Amino acid sequence: MLDFGRFRGAVQLIFVVDPAMLDAASVPMSNDDLLYFNGIDIATGGYGMPPMTPEAMKALVLDEPDPENMEDLEARKIAVQTEREGHLGVKEGVDPLDLAQAGWGVIFPATADVDARAAQAAIREALTELLALRHSQAGPRFRIYEGPRGHRPGQSKAKWLQNNGAAPSGPADPDKVPYYLLIVGSPEEIPYSFQYQLDVQYAVGRLWFPTVAEYASYARSVVDVEVQGLTERRKRRLCFFGARTEGDRATELSSTRLVEPLVQQLTGNDHGWEVHGFVGQEATHANLQTLLGGEQTPALLFTASHGAELPMDDPRQRAHQGALVCSDWPGPQQWREPLPERFYFAGEHLSPDADVAGMMLLCFACFGAGTPQYDEFSRLRRAERRRPIAPAPFMGALPLSLLGRGALAVIGHVDRAWGCSFTDGGPRAKSHTATFESTLRRLLQEQPVGHAFDYFDIRYAELSTELSEELQDEWKEHDANDLTMLWTANNDARGYVVLGDPAARLTFRGGAKRPDGAVLPTSLQPSSPVGEADDRDAPIPEVIARPPEISEEDWRHTPLAVQRYIDRRRQ
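Attention in this report is confined to the structure presented alongside it. (Residues numbered from 1 in each chain as written. Predicted model: local features only at pLDDT ≥ 70, side-chain atom pairs only at ≥ 80, totals over all residues. Heavy atoms only, no water.)

**Concerning the pattern of salt bridges**
Selection rule: Any carboxyl oxygen of Asp or Glu within 4 Å of a side-chain nitrogen of Lys or Arg constitutes a salt bridge here. The secondary structure listing takes helices from DSSP runs of H or I that are at least 4 residues long and strands from runs of E that are at least 2 residues long, numbered from the N terminus. Whether a residue is buried, partly exposed or exposed follows from its accessible area with a 1.4 Å probe, protein chains only, as a fraction of its type maximum: under 20%, in between, or over 50%, in that order.
On inspection of all chains with the given rule, the structure shows 18 salt bridges. A salt bridge links Asp224 to Arg514; the nearest nitrogen and oxygen atoms lie 3.0 Å apart. In this pair, Asp224 is assigned in helix α8 (residues 212–228) and Arg514 in the loop between β18 (496–500) and α17 (552–556), connecting sequence segments 290 residues apart. Using a relative accessible area of 28% as the deciding quantity, one classes Arg514 as partly exposed.

**Observations concerning the packing of aromatic side chains**
Defined as follows: Stacked, tilted and edge-to-face pairs are distinguished by plane angle, under 30 degrees for stacked and over 60 for edge-to-face with tilted covering the rest, among Phe, Tyr and Trp rings (Trp via its six-membered ring) whose centres lie within 6.5 Å.
This structure, assessed with the given rule, holds 15 aromatic pairs. Arranged with centres 4.8 Å apart and planes meeting at 70 degrees, the rings of Tyr179 and Tyr180 form a pair that is edge-to-face. Look at Tyr179 and you get buried, because its relative accessible area is 0%. We classify Tyr180 as buried; its relative accessible area is 0%. Aromatic side chains Phe436 and Phe456 sit 5.4 Å apart centroid to centroid with 90 degrees between the ring planes, which places their arrangement in the edge-to-face category. With Phe436 in helix α13 (residues 434–444) and Phe456 in helix α15 (residues 454–472), this residue pair connects regions lying 20 residues apart in the sequence. An aromatic cluster is present here, built from Phe240, Phe302, Phe436, Phe453, Phe456 and Tyr496 joined pairwise through their rings.

**Thoughts on the nonpolar core**
The test is simple: By nonpolar core we mean a set of buried residues, namely Ala, Val, Leu, Ile, Met, Phe, Trp, Tyr and Cys, connected to one another through side-chain atoms within 4.5 Å. Should any heavy atoms of two residues lie within 4.5 Å, those residues are considered in contact.
Counting residues in hydrophobic clusters, the biggest one holds 110 residues, and the most contacted among them are Phe240 and Phe302. The element that contributes the greatest number of residues to this core is α8, accounting for 6 residues. Excluding residues that lie within four positions of it along the chain, Phe302 makes contacts with Cys239, Phe240, Phe241, Leu258, Val259, Leu262, Leu362, Phe436 and Leu440.

Below is the structure:
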């Protein structure tokens, strides 16, 4: 049984083999029975993780615990099987496309630090235009969660919901907590795990920037699109970018089993969108630059490629981890040294005059959305301490650059991604692209990105409960191929997140009324849910900086008095 609430992204388990001891050319790429991982270590030119056999994976998968949010996942699977598809994570009778019914809220970190609270106030001021728009649309179902009602350090999804008057599981009730929730904070302040768990029931996005000006730029872009529409700025154009290089099985799979089928399925759609593909030799660094801010920039871009990886002590990690490796890379047989920047596309490669305002990006690439601090899967090897892969968790530089310049949203992976998420493997493998196709179709229909993304949550819930049932039969002889395909597909579905406002949408009609003035009405303050106790005056817990040698989980379970003692000894 697997703990999917804690073990996300599918591929760190490759620690069974030391990747430093394998170069790319040593991998038998013609073996269709191997499991292939996405990701290139651009510091060495080799794979971030080498392929492995299903039998090796099976040994790691067995005897793991169920996820902490198993009850939510089982309830979600039952709801999908027995109820109408249109309502998904929100309760019966609520239209998820109408913010007046579904509600909208923003979650800030709860902090007692004076400087942090001042910085938070500046961010909220920069987001004024967006907050005022959402307030006008959601009305009494609008919430701002800050102070004691914000996310407290170490707080789980269930505890946060209970603290704000909502049930810890079951469908979202917008009268308690809004369906659309925007987390405003870095993954250091509000961890990815909270976002993953909350997203099973709610439509969740995340926003964080290094500068206050970028918050204001983003807010202005979302409001402009909803007021004016995209007609003057973008065409109804969907582009696919699928890298593929000779001898690389991972990009062969993603281009032929994911990108090309999606191009065929969505060409001639009923929504008036043009569809264009840049696959194989056309998936170059130069073409990607024209698609991200240049003359060919579409309203919606889908990319599938390797993501760049770097060791945690490399000074380029934050800037280049998750960068998109293009077809300029000659492949593992011809290139056995560090990758030059002309082979991949990072956030700093956007042109100074790049215009990406109003577009969305869905990218299939390892670390495309962000990077966790720890290799969560080291526990599968019964490791005493999790292996860090970064000094701290962070958001990808490319999504940050796009959102800061006005892109509406980015859907991407935190951690690694792999081909088992869209194909069943083997030489006669079939494509399984329904989750991607359904998500894209909803975006083409101008539906909110958080609601469109819900297909990934449904898929995760179904796979997780199926896998749990499979592993609970201790006497069953598990088929290695079936078990590993199920396990990897499950973790891959859980690995995706939305960056940006979950209620943002690709609307060409516009029509929203621009909020008047810059002063938010006092009604925007968070109100107590009906029938629930008001704990707004509850003290915010003291937060003591965690020493880097102690894991986040161990620090959360360390008594405050001991934390204080350790902190004094370190000073």
